[in-house]
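Now for the letters of each chain:
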Amino acid sequence: MRDGQVMADELLDWYDRHARVMPWRVGPRDRASGIAPDPYAVWLSEVMLQQTTVAAVRDYFTRFLALWPSVHDLAAAEDARVMGEWAGLGYYARARNLLKCARVVSGELDGVFPDTLEGLMALPGIGPYTAAAIAAIAFGRPETVVDGNVERVMARLFAITDPMPGSKPALREAAATLTPNLRPGDYAQAVMDLGATICTPKSPACGICPWRDDCAGRAEGIAAELPRREAKKPKPLRVGIAYVGRREDGAWLVETRPERGLLGGMLGWPGADWGEVAIEAPPVDADWRDVGEDVRHTFTHFHLRLDLRVARLPMDCVPERGHFAPKLAPSDLPTVMRKAFDLARSALD
DNA sequence: AAAACGTGGGC
DNA sequence: TGCCCAAGTTT
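Residues numbered from 1 in each chain as written. Chains lettered and ligands numbered in written order. Predicted model: local features only at pLDDT ≥ 70, side-chain atom pairs only at ≥ 80, totals over all residues. Heavy atoms only, no water.

Chain A carries the name Adenine DNA glycosylase in an unreviewed UniProt entry, which gives Maritimibacter dapengensis as its organism. Listed in UniProt under the heading Catalytic activity (unreviewed entry), the comment for chain A reads: "Hydrolyzes free adenine bases from 7,8-dihydro-8-oxoguanine:adenine mismatched double-stranded DNA, leaving an apurinic site." As its UniProt record puts it under Sequence similarities (unreviewed entry), chain A is described as follows: "Belongs to the Nth/MutY family." (UniProt positions renumbered as here; feature names shortened; annotations may be inferred.)

(A) Up close: the side chain of Arg152. Relative to the helices and strands, Arg152 is located in helix α10 (residues 148-157). Here Arg152 occupies a buried position and makes no salt bridge, while the nearest side chain of opposite charge, Asp147, is found at 7.2 Å. Polar contacts involving the side chain of Arg152 include one to the main-chain carbonyl oxygen of Cys199, which spans 2.7 Å. In this structure, Arg152 is in contact with Gly195, Ala196, Cys199, Thr200, Pro201, Leu226 and Pro227, ignoring residues within four places of it in sequence. (Helix = DSSP H or I, 4+ residues; strand = E, 2+ residues; numbered from the N terminus. Buried < 20%, exposed > 50% of the residue type's maximum accessible area, 1.4 Å probe, protein only. Lys, Arg positive; Asp, Glu negative; His and termini not counted. Salt bridge = Lys/Arg side-chain N within 4 Å of Asp/Glu carboxyl O. Polar contact = N/O pair within 3.5 Å; in protein donor to acceptor, adjacent residues only side chain to side chain. Contact = heavy atoms within 4.5 Å.)

(B) Up close: empty space enclosed by the protein. A complete count under the given rule lists two cavities of 30 Å³ or more for this structure. Of the volumes computed, that of the largest cavity is approximately 120 Å³. Residue lining of the largest cavity: 15 residues in total, with Arg156, Cys199, Cys206, Cys209 and Cys215 positioned closest to the centre. Considering each element in turn, the lining of the largest cavity owes the most residues, three residues, to α10. Residues belonging to the lining of the largest cavity are distributed by class as follows: twelve nonpolar, no polar and three charged. (1 Å grid on protein atoms, 1.4 Å probe; cavity = no way out; pocket = protein on both sides within 12 Å on 5 of 7 lines; lining within 4 Å. Points joined across faces, edges and corners; volume = space filled by probe spheres on them. Nonpolar A, V, L, I, M, F, W, Y, C, P; charged D, E, K, R; others polar.)

Dropping the structure here:
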């Protein structure tokens, strides 16, 4: 293995030639013309990118930035509006924390993001990865940015064969030996780009990797198997019932889910909690009709089968739970609820 | 410290 | 088709 600084320089050379264009990225050419990264935009993009692919984030980022160009704009937004815009992107705690964070930065920090790891980590929704990414990309600090890409690249580069997550500290230490003092933000994005395009989870393109001659995993012929992981536990099946009611004037009976927990703060269809058996829990007395099909959806830690009941509700209907949404945009719903909506709508026609 | 927390694309 | 996995954080 060569000197860490030499390797970082080599990767930066590769990055200068191959960096992908992304709406949140300020490239070397931009900086040459005086464009500096906006910490607000960097923060927004990094939160969206947590456990989420670049392809999924792109349009959401552009839309958020157009709707709320500054942290003050976002801080002043209505919760329901922001949750609706986040719908479909997943991990909704991120959207709740996004608003909390925006309100702290806007209201208590005069709209200025902290530029240190400690200051950033104190904010809601910012953990070790995001703090380092903002410090490096927005403020040019030589922090070590460790995400899933970096872990995979380091596991291969140093042939670290202990399984994740136990090997995480070793992977972080390995990454730290390479972090450069110059252009740390570009370097962080370069390693992540490398992991996303060349050092991919399966079938890595080692032949065109800028670090191919330094890679111990490749030399040992085990690169593609790394990083190893502990066996994951199987997902149980949970079942439930969703009640999709439409009033005569076209309004839909929805409820805002509790702040905490699954799909917290998002709109959804009334019904009992999902579990081993489905529990009937109509939100209002009505002629609920069983729809032939059910919704299948898989969350991070369980499979869901959601039976559907539909009903047309009278204008004088007073539900026990939920509220009527006169104009419901399906795009405001989390994906599992939108699936239910799509099936129920055809059943109600 | 293990578990909760979404979704879509790729193979 | 079902599993893997992705620019993680919180409790």
